Amino acid sequence: MDFLMKPTLLKDKKFFTPGVIILILLAINAIVFLAFRFFSGLGSMTNLNNQNPWGIWIAIDVASGVALAAGGFTSAALGHIIHKNEYEVILRPALLTAMLGYTFVALGVFIDLGRYYYIWHPLVMWNGSSPLFEVGICVIIYVTVLYIEFIPIVCERFIGKVKLIASLSFLNKPIDSLLRFLDRSLSKTMFIFIIAGVVLSTLHQSSLGTLMVIAGPKMHPLWQTPILPLLFLLSAIGVGFPMIIFESLIASRSFGLKAEMHVLSKLGRMVGPILGIYLAFKIGDMFIRGTFVYLTEINTQSIMFVIEMLVGVIVPLRMFFSEKVLNSKLLLFFASTLTVIGVMLNRINTFLVAYSPPYALKSYFPSVGEISVTVGFIAILVLIYRVIVMNLPVISLPDKKLVHKTKYEIIGGSK
Amino acid sequence: MKKLSSLLLINLFLISSLFAQQNVEPKHFQQQIDCKTCHKCDVPTKDDPCLIACPRVKMLKTYPSPESSPSVLIIKKLEDRYNPVVFSHRIHAQMSELSGGCETCHHYNTLGPILSCNECHSIKRLRDDVRNPDLKGAYHQQCITCHRQWNHKADCISCHELKKNGNKINIQQKIAEIGNKLHPKVKEPTKIVFETNYNKGKLVTFYHNDHTKIFGLDCVSCHKNDNCIFCHDKKDEINYKTLIYDKPIKLNLAESERHKMCSDCHKTSDCNLCHKEDIAKPFNHGISTCWALNNFHKQLTCIKCHKKNKFIKLNNQCISCHKDWTEGKFNHKITGLILDENHTDLDCSDCHINMEFIKKPTCDNCHDEKSFPKDKPGKLIKKVKP
Amino acid sequence: MDRRNFLKAAAIACTAAIPAKDLKANEKFKIDEDRVGVLVDTTICIGCRNCEWACKKAHNLSTEPLEKYSNREVFENKRRPNNKALTVVNQFYNPKNSQLPIDVKVQCMHCDEPACVSACIVHAITKHKEGPVTWDSTMCIGCRYCMVACPFQIPAFEYDKALQPKIMKCDFCIDRQKEGKLPACVEICPTETLTFGKRKDLIEIARDRIKRKPNRYSNHILGEHEVGGTSWLYLAGQDFSKLDFPKLVSDPAPGVTESIQHGIFAYFIPPIALYALLGGIMWINKNKSGEE
């Protein structure tokens, strides 16, 4: 490389594009449906009932959301803990994705809770035997950690540049000194939060799998296994890099930037072995418990399982082992998308398809409202991502000026 | 447990005082009962009767005739909500003769006086010993099992009249209304023809009167668990009113259930024993066994000869049943023919060749031109029963 | 970044582990030997549905007058307990006697080791040592994980309420029991299909009934062993799967979930160990790259 990369704000790009307008419409649509949810109860706009208490808000917004935000902790482990400097360019986007992802996980939980205003209860009312408690507590702490990790980026952008509108201009000084204080103290302690973030992620990614173990016989045997937490953790690690690749390629395309193929294909090279381990555990578990017999039956569950394994694991696994794929932007994007879809499918399968409760009169299918809210949330997520990368130094661009040592050794990288 | 035994103790006193007053029923310990049926220890005393807790595994049955039982009972334990129930006891007792008899309701009763339900069934539902249902439960379990089959309802008002605006029913009037009702005599069909799906013999003919009259079976030996519903059904009154037995009927039962009705007694694997192309003739000992029963034997019930219900070929020698009909001891008068002087001293085999008494006796041994029954070796008298 | 900072961080993480002991203590909850239960003898039940009425009355739920409950048409569809009825009676065909359909009352089984209690994120559901499993409105956050966990699919949720929706399930009339009264359904049952008593006595009674009338009962007391035992026990004349009961093993309802949870969080040792390990790796790599 001729130029070193430096996180830059994409200030010169146009915010409103046709795609953005569609996203805004989708977001408004979601908010309309959410009004129903908050004024007339969950029953008014969801297909949830006493047999199917959890729908796509849990399966997609929460479970898949958590899994797909795994890019945050996998990249942190790679960039900070194993300390591979060459991956620095992806650290900030991954952090941002994780931060936004988890924020929306929290929002997904919030709207799904019957008594959303008691969302703070788990902080003071503990039930150690509940995996949900563990997930909840970890997510709450992890979101906080992610925000703390993000503070230096905000500081970098605003220190010495705090300019509020006239009436609030007297606050400029205190805010500036607050940012400086945060920046100073965080630069020394950031490693605590980074390690904590990885530990917390490991814990709740796996506990998310433990969640459905308690459903016992209500779960289809193809998914119901005591090693579900391990499978969830492995698949989360597996989807971390593909998610970064996926999102980085979309972002570069959307902003008309050059894709960081040299970093991305290096990342892609690591995906294959991880997916391999995941596949080995999945297949091994299936044979040890003898559940492959259920594949001979043709029903929704068996078909979904085959799709999940073929499309989501086996095909991308093969692709990530091919040099051609690793060096091709399009194929790499395709392989990453398949992995992302596969893990998402796995979460949906585990939480919805495999869950066949007794006495259900009809099987669950999400309502228009539920789908609208989920789609709308994703739209809002993308919009906020766009706003942030346009206003904060997240995405790295080649810096044509002489490179100077960045101030923030952990986030910005050293040398 | 302690409560229960004390309750039973009180019962015992009550019963014994009843005995003392009436002095009609025999004392229970004088009867042919194994003491261990009710008592745990070898020597029960008045102070420590060591009774086995109710409900016991084995119990004794009493069968007073329904006609001697009370005609109505007034049940009024739930008087606060419902009017008293006037229970037509006698007609129920009559109906029970087709099922378990008195024991259907008076289960686990000792010999002697019939105990009232609240002797064993507590009035309180919240209690320590919940082995037996409480009185309300016991009453309802007895009544509703039949009644819900009968009218397909399980509501209170089919037995209880709701107490509304103080409309008290006139109990006396009710008693008069139902108190003297008696169950009409049950009509007994002669034969029932069943149409079956068996190709090699579509019809099975069941001679009901043969079974009751000739074979001497009691109603309950077949109608073990038939309650009212066997004849009465409020929803479709096909049963006892419209069911005419003059044409073949189809049974709506599982195959095993259908066969069980006969196969409990008729243990055979030969289908054609029951399944025929045509309606079978009533049982005839001569046709079925080649041993036509004569006047005396016709009147006997089957088990008189076929002991222990074993319907196998018996030895047809008279002596196999009539043990004392030996040579010299036999009084020929019993056959309705008094031998004259010339014949009294002959051996049986002189006329009855090879002692085959079923065959016509011969006169050829002594006489040339005489033959039975044209000529008789004595005087015919009115036949006498052995 | 120096060693002292690192140790400090580790110490902070350690303090978080202290409450873990409380969690462990909580789990050592001892259930009462004399806990109460109810024996439901489905061979006695006549399907009068008085229990449904009494239950609604006792829990201040809106209900039709008792007289309307004699309507048999409700049996055409199988019903489940929901937010408007905490118990329902369903009717099944009786192969032994088509005239005598089998009626089965359904409500919370009050498991001895309830999955809902184990699952509840905030401990809003409690197993009382006397038997009942009850739900606390002041704690519940409405996550509905109890409904996912329950092997009998009993808890119901008030989906139609925007504020303070409740988890609705049979509470074994715990308030009535405290007043020395019977549960409402047991009290009203005309046939004493529902026998209220100590669970151990009820099991004995149930065994006795089976022994006495082997033709009437199938030799199985549902709830004696299922999911680690339940306070409500059932007797029936045929296989319970034909009466819409789920087929369950005798392992406690929470299954392996609790062992997984307590394995991962055994006194917070595994998380802290992981933390230390990652810290170590980071430190080593940091120094290495510094030397380069």
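Small disclaimer: the values here were computed from a predicted structure and weren't measured.

A few words on the sheet that holds strand β3 (residues 191-195) of chain B. Residues and elements named next belong to chain B. Strand order in the open sheet formed by 3 strands is β3-β4-β5, with antiparallel pairing between adjacent strands. Both edges of this open sheet fall to β3 and β5 (275-276), since each of them pairs with a single strand only. Looking at chain direction, strand β4 (residues 203-207) and β5 are connected through 2 bridges and run antiparallel. Within the sheet, the bridge partner assigned to V204 lies in β5 and is H275.

What follows concerns the nonpolar core. In terms of nonpolar packing, the biggest core is built from 190 residues, with L96(A), F150(A), L267(A), F351(A), V394(A) and Y145(C) touching the most fellow members. Of the residues forming this core, the biggest block, 13 residues, is contributed by helix α8 (residues 228-254) of chain A. Counting contributing residues per domain, this core is built from domain 1 (3-27 + 258-291) and domain 2 (36-254) of chain C, each supplying no fewer than three. If we skip the residues at most four places from it in the chain, F150(A) touches L95(A), L96(A), M99(A), I388(A), L392(A) and V394(A).

Contact residues are listed per partner, giving 70 residues for chain C and 63 residues for chain A. Carbon and sulfur atoms supply 64% of the area that chain C and chain A bury against each other, a total of about 5,800 Å² over both sides. The shortest N-O distance in the salt bridge between D112(A) and R144(C) comes to 2.9 Å. Run the count over chain C and chain A and you get 30 residue pairs in polar contact (both at pLDDT 80 or more). Where the side of chain C that touches chain A is concerned, the elements lending two or more residues are α1 (3-15), α2 (19-27), α4 (115-119), α5 (145-149), β6 (156-157), α9 (257-264) and α10 (269-291) of chain C. At 10 residues, the largest contribution of residues to the side of chain C that touches chain A is made by α10(C). Tallied by class, the residues present in the side of chain C that touches chain A amount to 46 nonpolar, 16 polar and 8 charged.

Turning our eyes to something else, we now look at unusual backbone geometry. Phi is positive for Y359(A), which is not a glycine, with a value near 70°. Mapped onto the elements, Y359(A) comes out in the loop between α12 (329-353) and α13 (368-391). Backbone geometry at V227(C) places phi at a positive 40°, although glycine is not the residue there. Note on placement: V227(C) falls in the loop between α8 (199-212) and β9 (232-235). By relative accessible area, V227(C) is classed as buried at 4%.

Right, let's talk about the packing of helix α2 (residues 56-68) of chain A against helix α7 (residues 172-210) of chain A for a bit. All names here are of chain A. The N-to-C vectors of α2 and α7 enclose an angle of 145°; their axes lie 10 Å apart at closest approach. Note that α2 runs across α7; the crossing there is left-handed. Contacts between α2 and α7 involve A63, V66 and A67 from the first element and H204, Q205 and L208 from the second. Its residues assigned to classes, the contact of α2 with α7 shows 4 nonpolar, 2 polar and no charged.

The subject of this paragraph is the environment of K181(B). Relative to the assigned elements, K181(B) resides in the loop between α4 (171-179) and β3. A relative accessible area of 48% means that K181(B) is categorised as partly exposed.

In this section: the pattern of salt bridges. Tallying each qualifying case throughout the model produces 25 salt bridges over all chains. For R131(B), the salt bridge is made with E204(C), and the minimal N-O distance between the two is 3.6 Å. Residue R131(B) is found in the loop between α2 (89-95) and α3 (135-151), and its partner E204(C) is found in helix α8; the two belong to separate chains. A cluster of three or more residues bridged by salt bridges with shared partners is formed by R125(B), R127(B), D134(B) and E192(C).

Put simply, chain C has an average pLDDT of 84, and 88% of its residues get 70 or more. Here residues 1-27 of chain C scores under 50 on pLDDT; set against residues more than four positions off or in separate chains, the count is 29 contacts.

Rules of the game
All residue numbers refer to positions counted from 1 along the written sequence of the respective chain. Both sets of labels track the order of writing: A upward for chains, 1 upward for ligands. Owing to the predicted nature of the model, reporting of local features is limited to residues with pLDDT of at least 70; listing and counting of side-chain atom pairs is limited to 80 or more, with chain, interface and lining totals taken over all residues. Computation of side-chain values: all heavy atoms of the structure, hydrogens and water removed. Between any two strands, pairing holds if DSSP finds at least two bridges. Each helix corresponds to a stretch of at least 4 residues labelled H or I by DSSP, and each strand to a stretch of at least 2 residues labelled E; elements are numbered beginning at the N terminus. Only buried residues count toward a nonpolar core. Its members are Ala, Val, Leu, Ile, Met, Phe, Trp, Tyr and Cys residues joined through side-chain atoms within 4.5 Å. Any residue under 20% of the maximum accessible area for its type is buried, any over 50% is exposed, and the rest in between are partly exposed; the area is computed with a 1.4 Å probe on protein chains only. Each domain's extent is set by a domain assignment, obtained either automatically or from a database. Two residues qualify as a contact provided that any one of their heavy atoms is within 4.5 Å of a heavy atom in the partner residue. A simple way to read buried area is as the amount of 1.4 Å-probe accessible surface that goes missing from two parts once joined, with both sides added. One side-chain nitrogen of Lys or Arg within 4 Å of one carboxyl oxygen of Asp or Glu is enough to make a salt bridge. Within 3.5 Å is the distance limit for a polar contact, defined as a pair of N or O atoms, with the added protein rule that one can donate a hydrogen and the other accept it, and that residues adjacent in sequence qualify only through two side-chain atoms. For this classification, the nonpolar set comprises Ala, Val, Leu, Ile, Met, Phe, Trp, Tyr, Cys and Pro, the charged set comprises Asp, Glu, Lys and Arg, and every other residue, Gly included, is treated as polar. Working convention: axes come from line fits to C-alpha atoms, limited for helices to the stretch in contact. Angles between N-to-C directions cover 0 to 180 degrees. In a left-handed crossing the near helix is turned counterclockwise from the far helix by less than a right angle, and in a right-handed crossing that turn is clockwise. For every residue, the predictor states its confidence as a pLDDT score lying anywhere from 0 to 100.

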